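Reading the structure
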Amino acid sequence: MGARYWQNRQTKTSVVVGVLLLALATLTLKLPGYLPKGWGITAGFANVVAAVTGAIGLGNGLVQFLSWWRKRGAAAAAPTSADVATAKDILSGLVTQQWRDETVLRSLCDPEPMPLPWHSTERRELAARPEIIAKGTVAFPGLDVHIADMARNFRALRCRRLVILGGPGTGKTTLAVQLVLELLRTRGPEEPVPVLLSAARWDDRVYGRLQDWLAASLALDYPALRAEGLGVDMPETLVARGEVLPVIDGLDELPDTARADMLTALNRSMYETDQLILTCRTEQFAESVEEIGDALTAAAVIEPQPMSPAAAADYLEACLPTVPHSVWPQVLAELRKGTAPALSEVTSTSMGLWLVRATYIAPRVDPTPLLKLGRGSAAELRDHLCDQLIPALVSTRRPAAGPPQPFRPLHAWTPEQVDRWLTYLSRQLARNEEDPRDVAWWHLARYTSTRTVRFGTAAVIGVVVGLAFGLLTKSVFFSAMAGLFSALVAETLIGSWFTESPGHADFHLRGRLAELLPALRDGLIVGALGAIVGWLMAYASGKPAFALRSSVQIGLLAFVGFVALLSLIRWVESPTADLTARSPRSTWQADRNLTAIRILGGLVVGIATAGVLLYSGISQNLSILVGLVLGLLFGLVLGRHHAWLAYKLTIPRLATRGSLPLRAMDFLDDAHRLGLLRTEGPYYQFRHIELQQHLADGRHVAPAQEPRPPTRHP
């Protein structure tokens, strides 16, 4: 445990910085005798600032050590059955809310589910040990099975493990989402909670077992599970007890070696009763099974059957408006008769049906191109539909004139803009071999070099601080030194911002005020340490008359700084049980709010610093300036989460290149509302991997500058 404590990077940094600043403060005690006349006050408040900051750094390390010492022998309270049941109910509600919204956005049940049939695979090499897959005979027949029947068949499996295979756009993810919602709707208290996760997020080099990755994902995506009343280890508890059913989507999106490694890790890490649902393309799954020489243990494997032209035509006809375009009867007739082979092939999958519906039925445009292209190549027809998708969605889903509506964009974008920005994102993802699916707003800062941004920001901070001090002190040398020091500190500290993950804050006070008492206690410890440091420094400098005043000043500032900044930040980062599922927008707002809290805490420290400097005889203007500058700097640089600040520094540069708009988060939200992106926890993903690949392909044809207006025909 002691070794683990000292491996904490922040603890070591806090102690090292504290020691260095105290050394600087001691050095400044000797400066007045060597400085030009009138510079003694400058050295004096530099001494105070360095001493206070050093005391806070050392005090922070001391408090963390004392906290570890108190807890090192105390056994953590085991969660009760009631705690576990409460956590499962919370998780079930959050997952239901998340994927119900996605179901409506994707029109999965409007006007009815797509009639894509599923059946047990005939490739026996893909299913291991069929005799233990189910009790007796459980079949996934090649019929139009209702999702409720699919859920019952899944529950009838002995180990409740299912692999959903299929080609591109065959509805694997759609079926997984529908299964998650149906299993949640009919879940009994003793059953696990299904949670849908992207396979691209699992790095088996970091998480060797499924359980470790699953617990970490729950903690990130659903922070309510770490509420104080449930215990910080509730995600780990739920996973360890088998109370979570992982639904892992998109195994095929991993590189070949990683895909095989994940299958191996799944087989090695699952217990006899562990449940699992996995989706993957058939070809990639077969390659991985052959590579490792083993299939997924005790898992049923199902594949889709191609939708018949008649079933596809019936579904499209059900989606048509009451008075459709006059060409639609001919399109449907040729589809049923098989005289449009390309159209038959495209509409044999769920993605193809959705593309036809989104590009020609929803905007009510002339479907004549479907006749010409439908008699040619399926690849050309599919590319044509993908090219027309963005203009069609933008034209049919206009921003609402009145109150905001859940599935209509909030802002007006042109098809050309949407196409250009999504193409940029798709090409950035194509370059990322480790995570080719997740669009995270805090990753945008990694899409471009940060060197210019860091140096530019540091230079601005240095110039502002230097000018401010120059105007008040009338000292060119000191203003230059203050500006240079501020720039160096800023450039050093903001370097890590661009790789940090977002944080979240809890503003609820009810039931949490008692948590502030330890913060006040620790603040008193830090304040006492600061007082001792101030007294020793003043006494050692040969000025015992100033020892008491220095002790009071540094002790008070150390107390205020520790409580207002470090303790307050730690306190507000605790989630509560009423938090909703983390979405990209909520994580963006949460990190922004956390930044505001740090700045507010920094200003409190700045006010206290200004008061102490005034008490020390320093001029009012200089005291206020020093207090504000130090408060703002402390508020900005302290803490572990600066993703929002990195985002705000990066987006203007991407906007000047035309890669993304200045309102990047608004655009991503609207792309989700348009149906081009989906959300999974705090991430955006392209709704279809095929669309992402089509946009990243150099053959993609960008839409015209102006949006295509919908035309209505009798």
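Note that the structure is predicted; figures quoted are calculated from it, not measured.

For the chain, the average pLDDT comes to 77, and 68% of its residues sit at 70 or higher. This model gives residues 705–714 a pLDDT under 50, and the stretch forms 26 contacts once residues within four places in sequence are excluded.

Here we take up a nonpolar patch on the surface. A surface patch of nonpolar side chains, amounting to about 400 Å² of accessible area, comprises Phe 477, Met 481, Leu 484 and Leu 488. In this fold, Phe 477 is placed in helix 19 (residues 476–493).

Note on aromatic pairs: each is described by the distance of the centres and the angle between the planes. Under the criterion given, the structure shown has 10 aromatic pairs. Each ring, one from Trp 413 and one from Trp 421, has its centre 5.5 Å from the other, and the planes form 85 degrees; the classification is edge-to-face. For Trp 421, a relative accessible area of 5% corresponds to the buried category. Both rings, one in Trp 441 and one in Tyr 647, keep their centres 6.0 Å apart while their planes meet at 90 degrees; by these two values the pair is edge-to-face.

If you trace the backbone, His 694 turns up in helix 26 (residues 689–696). Take His 694: its relative accessible area is 11%, and that puts it in the buried class. In terms of polar contacts, His 694 uses its side chain to reach the side chain of Asp 383, at 3.5 Å.

What follows deals with the pattern of salt bridges. Considering all chains together, one arrives at 19 salt bridges under this definition. Between Arg 187 and Asp 89 there is a salt bridge whose closest N-O contact spans 3.4 Å. Placement of the pair is Arg 187 in the loop between helix 6 (172–185) and strand 3 (193–198) and Asp 89 in helix 4 (residues 81–105), with a sequence separation of 98 residues. The salt bridge involving Asp 212 is made with Arg 209; its shortest N-O contact spans 3.1 Å. Given a relative accessible area of 32%, Asp 212 falls into the partly exposed group. Overall, Arg 209 belongs to the partly exposed group, its relative accessible area being 35%. Residues joined in a network through salt bridges with shared partners are Arg 155, Arg 160 and Glu 191.

Before going further, it helps to examine the environment of Gly 169. Secondary-structure assignment places Gly 169 in the loop between strand 2 (161–166) and helix 6. Sequence separation between Gly 169 and Leu 691 is 522 residues; the distance between their C-alpha atoms is 9.8 Å. Residue contacts for Gly 169: discarding those within four places in its chain leaves Thr 349, Ser 350, Met 351 and Glu 690.

So, about helix 5 (residues 147–156). Most of helix 5 sits out of view: seven of its 10 residues are buried. Of all the residues in helix 5, the buried ones are Ile 147, Ala 148, Met 150, Ala 151, Asn 153, Phe 154 and Arg 155. Turning to helix 5, the residues buried within the fold contact strand 1 (118–120), strand 2, helix 6, strand 4 (244–249), strand 5 (276–281) and strand 6 (300–304).

For the rest of this paragraph, the subject is the environment of Trp 421. Mapped onto the elements, Trp 421 comes out in helix 17 (residues 415–430). Expressed as a C-alpha distance, the spacing of Trp 421 and Gly 658, which sit 237 residues apart in the sequence, is 7.8 Å. Not counting residues up to four positions away in its chain, the partners in contact with Trp 421 are Trp 413, Gly 658, Ser 659, Leu 660, Pro 661 and Phe 667. Within the structure, Trp 421 has its side chain in polar contact with the backbone oxygen of Gly 658 (distance 3.3 Å).

About the cut-offs
- Residues numbered from 1 in each chain as written.
- Predicted model: local features only at pLDDT ≥ 70, side-chain atom pairs only at ≥ 80, totals over all residues.
- Heavy atoms only, no water.
- pLDDT = per-residue confidence, 0-100.
- Contact = heavy atoms within 4.5 Å.
- Patch = residues over 30% accessible without salt bridge, like charges linked within 9 Å, V, L, I, M, F, W, Y side chains within 5 Å.
- Areas by Shrake-Rupley, 256 points an atom, 1.4 Å probe, with all protein chains shown as cover.
- Salt bridge = Lys/Arg side-chain N within 4 Å of Asp/Glu carboxyl O.
- Helix = DSSP H or I, 4+ residues; strand = E, 2+ residues; numbered from the N terminus.
- Phe/Tyr/Trp six-rings, centres within 6.5 Å; stacked < 30°, edge-to-face > 60°.
- Buried < 20%, exposed > 50% of the residue type's maximum accessible area, 1.4 Å probe, protein only.
- Polar contact = N/O pair within 3.5 Å; in protein donor to acceptor, adjacent residues only side chain to side chain.

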